[in-house]
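Residues per chain, in single letters:
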Number of protein chains: 2
Amino acid sequence: MTKIVDDPETFASAALAGFSRVYGRYVRLVKGGVVRSTAVPRGKVSVIVGGGSGHYPAFAGYVGPGMADAAVAGEIFASPSTAAVARLCRNANHGGGILLGFGNYAGDVLNFGVAAERLRAEGIDVRIVTVTDDVASAPADRHLQRRGIAGDFVVFKVAGAAAEAGLSIDEVERVTRLANARTFSFGVAFGGCTLPGATEPLFTVPRGMMALGLGIHGEPGIRDTKIVPASDLATLLVETVLAERPAGAHRAAVLLNGLGATKYEELFVLWGAVESKLRAEGIDLVAPEVGEYVTSLDMQGCSLTVMWLDEELERFWLAPCDTPVFRRGAGFKTQPAVLAENAEDAVPTFGPASGAAHESARCLAGLLDAMVSVLGEAEAELGRIDAFAGDGDHGQGMRRGATAARDAIHQAVAGGAGAKSALAAAGDAWADRAGGTSGAIWGLLLRSWSSAFSDEEALQDTDIVRGARLALDDVMRLGGAKPGDKTLVDAFVPFVAALETASADGLSLKEAWRKASVTCEAAAAATAPLSPRLGRARPLAERSIGHPDAGAVSLALIARTIADRL
Amino acid sequence: MTKIVDDPETFASAALAGFSRVYGRYVRLVKGGVVRSTAVPRGKVSVIVGGGSGHYPAFAGYVGPGMADAAVAGEIFASPSTAAVARLCRNANHGGGILLGFGNYAGDVLNFGVAAERLRAEGIDVRIVTVTDDVASAPADRHLQRRGIAGDFVVFKVAGAAAEAGLSIDEVERVTRLANARTFSFGVAFGGCTLPGATEPLFTVPRGMMALGLGIHGEPGIRDTKIVPASDLATLLVETVLAERPAGAHRAAVLLNGLGATKYEELFVLWGAVESKLRAEGIDLVAPEVGEYVTSLDMQGCSLTVMWLDEELERFWLAPCDTPVFRRGAGFKTQPAVLAENAEDAVPTFGPASGAAHESARCLAGLLDAMVSVLGEAEAELGRIDAFAGDGDHGQGMRRGATAARDAIHQAVAGGAGAKSALAAAGDAWADRAGGTSGAIWGLLLRSWSSAFSDEEALQDTDIVRGARLALDDVMRLGGAKPGDKTLVDAFVPFVAALETASADGLSLKEAWRKASVTCEAAAAATAPLSPRLGRARPLAERSIGHPDAGAVSLALIARTIADRL
């Protein structure tokens, strides 16, 4: 249980700051992450990794020559914001392109994905490889839909070595994808971790039992079973991971990873049995590692990872590397980086907007005011609904995001912005300040919607309808959710369809929006009676049956609020 | 809580074996410990460290160029046996003398101390430095009586660097003593660890509280207090450790150590505040370390260690080092050690003994038979008595040790040994197989007693009386217990005195022993009503008030058994 805390709200950033003070010879703190403090050759591909905090040494401990160029760190177990990802990329861009590596979780997919789009628009060649090693999270024929767990470490090691060797961005991406395709992990948990400030663990495992295939944030596992002796546990781990051994594979990088409170002596006891069983299967072990490489605060449990090597992967797995927590070979001769100013976020400046477009922006700001007011009133209720399936922070996140967006749009209006720039600024502020998946979704939604607008002309009803479609498309493409996954998409799809139909039928925007808003509310309510199953984008806890999705409900609420103001 | 276990009895050795399989490039497994697997220059001083298991990376993780030559590993939280210490020393002796380093605990003091005497008798120059950094365990004017906790790491780092630099054994000893004298630690615990096979933790801390100055095996602390925010905890740790800042000291090696389940993010949060406070005190931090360096299984807590540097200590603190868990500088060019056979324990061979001495040995073997029988019957009762003040394993240890001693003496008799060699062999077997402090005491007691005997002549009554005095002297000198500490010494002192007096008064051995045995029983019973206080040699739990010391009781039981057989 986490006991050393000042303010739970700033725990993750305080930990990152403390880390960067200890390891200044490796890293430099940038808001939301760390970059190498040592000089990097111009033109090298940058490997930038990240995800939620609470997994140390993942991900900040991986930064250094031979491995990552930067790490982005979100709040505990929460994706970093789009803005943070973009910020770290700008600070660690050496001109050779950027490979973004992270575990396959909805929030990360979204935030890294949106950041990549923004950076590409700035002319930076950004590639994405999501790590999908957890065999418990999806069947073998859906390898790329699996979660990323301790496989992060071995995949990023290979990516970092390939980049350090001077490979092109195409090649680094190819090698990293190959590493991920050949990496398989399986874990067990004996008990859950406790978040800073919380008094109870995220989950518990019944006494004498262990949970098979549980995720590193408490995601549901396959099943609970009795704790078995170390040698039987070794058999279970080895047999499960080896079930997907590729034909002909016989050399492997192996990682036995502890999750935090399962300690070294236990891991070494287990390793004795694991190593024997792997050798008995005819596997040559190449530089195996046993220890804590991807933790989950003080969670009790461990996982076994196997990366099947070919000549190329083996070379990169064994290549020199020097980071705060992991070192191979004789080290690197490093020079401190020539310290340019941190590339902070661009402060938005607004180009000349026409008076009409500026007036439209002012109208949009009024809508944001209304949203803030409604979301403030609904905060507790949205939290209550969210708690059935999630961690109950939806109301808080929406209120915080909308408030940041409102402040930003008023600032933009004061700066003379037109409708397009003003709404884009509001979206970016929402994404950066709300946190979580819903913050990223709403940031993306507003920014994409704004792309149908203009800074030169007054807002037309048709712009608004076209923007809705663009927003929906981007949310589905980058968020990865499909109708039926019990997300905001379940209400957004019928809303946009109804808006388009009513508009095509010649109704005024106000009438069309009113109709779409009613459709949206009905769809949100209809997310309640879904049967229990795992959604594609996020696990659906059984206890949420009969309760609607909080994201769909808040969308409907906002739609209705706007309908009343148009 | 420890969950990955095959057999709790073999947990520590299985962990050590697993460790040595992962880190074969650094270490080679020898029964009871590990030695460097890389070549070491002839004539280098060997730094050999150790203690109980359960503290990884202490101590096996410290073995490698620039730090330790070998580590001895006892059972979980139990001193390694005298035989194991001696064995590791023989395997890691490079001809320059041996520095033994370990934390200041009764069992370790005894076993390393006795091993050192044996090795000195073999012509090896062995020095001992006990680490005494825990300011909570004794006041400042009794620094050398303090326990060793995380200071082990910094003191051994300096010792290893001094040895690697080619210093003589005198100089390595001097520098190591200096490092210890300038090292101060203070720790807090939030919760206890659970031993392999146990279902409950060794101790608990009330919810919302923390224990100040608790030892790394659950030894009593100073007091419990409410958990405070991280910044207040930093103040507490810094102020306590700095209370003993030497005049003029302003440069320091600093270690913020996690005990196992207090995780990295928490340590980094704490470090931010600790570093600021140390700097505010005008202290220059030299290569501080934050992480897990001396753990206590999955105990929750942390400690702050400061070693005040002078030019020499700073040089050794910063010197290159390359071990499984800790590395400084660019690494070492190492060669595998030329693998001689492991220097195993000498198999005792018995020189020619006279018929009379051989017959005496046979009589002694008969006494051991009787002891085994009596201790077998008394095992449960001795365990029950021990449980009031200790961990309740006294009966088991005595039965196991006596059985090993009996087997050894019969083997010696079958090999033709005389009384002296036969009893010495019995003592060595007892120490090596019983484990714990009582095993070491009894091994020493028999071996010292045997030094009054002969392999040439029949045993005389006067030899037996003289042997008793030699045994008592060695037990007190090496064990460090004084009368009144509530140990076996409380019964042994009056036994020997009574034996000597009665013998001097002209009584036969049988009569004298009978009288001494009655005195011994009374003295053992009198250990019961002691008032609560900390004994010098070991903490006396309050719950033991009114109960006699198990070691004194078992001595009296053995004395009576022998009286019946003489």
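As the structure is a prediction and not an experimental result, all values here were calculated from the model.

### Looking at the overall build of chain A
At step 1: Across its full length, chain A holds 16 helices and 15 strands.
At step 2: Against the compact-globule benchmark of 24 Å for 566 residues, chain A has a radius of gyration of 24 Å, which places it among compact chains.
At step 3: The dimensions of chain A, computed from C-alpha atoms along their principal axes, are 75 × 55 × 45 Å.
At step 4: For chain A, the residues scored as buried account for 59% of the 566 residues in total.
At step 5: Look at the contacts in chain A between residues 6 or more apart in sequence, and 73% of them connect residues 24 or more apart.
At step 6: Of the roughly 20,300 Å² of accessible surface on chain A, 54% is carried by carbon and sulfur atoms.

### Description of the nonpolar core
At step 1: The biggest cluster of nonpolar side chains holds 205 residues, and the ones touching the most others in it are F153, F268 and L270 of chain A together with F153, F268 and L270 of chain B.
At step 2: The contacts of L270 of chain B, once residues within four sequence positions are left out, are I4 of chain A together with A230, L233, A234, L237, L256 and C302 of chain B.

### With respect to the packing of helix α5 (residues 169-181) of chain A against helix α8 (residues 311-318) of chain A
Residues and elements named next belong to chain A.
At step 1: Closest axis-to-axis distance for the α5/α8 pair is 11 Å, and the angle between their directions is 95°. One element, α5, and the other, α8, form an angle in the roughly perpendicular class. Contacts from R174, V175, L178 and A179 in α5 reach E312, L313 and F316 in α8.
At step 2: Each residue belonging to the contact of α5 with α8 can be placed in one class, and the counts come to 5 nonpolar, no polar and 2 charged.

### Some points on the sheet that holds strand β4 (residues 70-76) of chain A
Residues and elements named next belong to chain A.
At step 1: Ordered by their spatial adjacency, 6 strands build an open sheet running β1-β2-β4-β3-β5-β6, and the pairing between neighbours is mixed. The sheet is open, and its two edges are formed by β1 (27-30) and β6 (126-131), each paired on a single side. Averaged over all adjacent pairs, the angle separating strand axes in this sheet is 20°, with direction ignored.
At step 2: As judged from the 3 bridges shared by strand β2 (residues 33-36) and β4, these two strands associate in the antiparallel manner.

### Here's the deal with the relation of the copies chain B and chain A
At step 1: At an RMSD of 0.2 Å, chain B and chain A line up after a rotation of 179° and a shift of 0.0 Å along the axis. Considering both components of the superposition, the chain copies are consistent with a two-fold axis. Identified as the residue of chain B closest to the rotation axis by C-alpha distance is A261 of chain B, at 2.4 Å.
At step 2: Comparing contact sets, 100% of the residues at the interface of chain B also lie at the interface in chain A, consistent with an isologous, same-surface contact.

### Details of the domain arrangement of chain A
Residue and element names in this part refer to chain A.
At step 1: Taken domain by domain, chain A consists of domain 1 (8-328) and domain 2 (355-565).
At step 2: Centre-to-centre, using C-alpha coordinates, domain 1 lies 33 Å away from domain 2.
At step 3: Facing the 17 residues of domain 1 at the interface are 17 residues of domain 2.
At step 4: Between domain 1 and domain 2, roughly 1,300 Å² of surface is buried when both sides are summed, and carbon and sulfur atoms account for 58% of that area.

Parameters and conventions
Residues numbered from 1 in each chain as written. Chains lettered and ligands numbered in written order. Predicted model: local features only at pLDDT ≥ 70, side-chain atom pairs only at ≥ 80, totals over all residues. Heavy atoms only, no water. Helix = DSSP H or I, 4+ residues; strand = E, 2+ residues; numbered from the N terminus. Rg over C-alpha atoms; globule rule 2.2 N^0.38 Å. Buried < 20%, exposed > 50% of the residue type's maximum accessible area, 1.4 Å probe, protein only. Contact = heavy atoms within 4.5 Å. Areas by Shrake-Rupley, 256 points an atom, 1.4 Å probe, with all protein chains shown as cover. Core = buried A, V, L, I, M, F, W, Y, C linked by side-chain atoms within 4.5 Å. Axes fitted to C-alpha atoms, helices over the stretch in contact; angles between N-to-C directions. Parallel < 35°, antiparallel > 145°, perpendicular 65-115°, else oblique. Nonpolar A, V, L, I, M, F, W, Y, C, P; charged D, E, K, R; others polar. Pairing = 2+ DSSP bridges. Least-squares fit on C-alpha atoms with pLDDT ≥ 70 in both. Domains from an automatic or database assignment. Buried area = accessible area lost by both parts, 1.4 Å probe.

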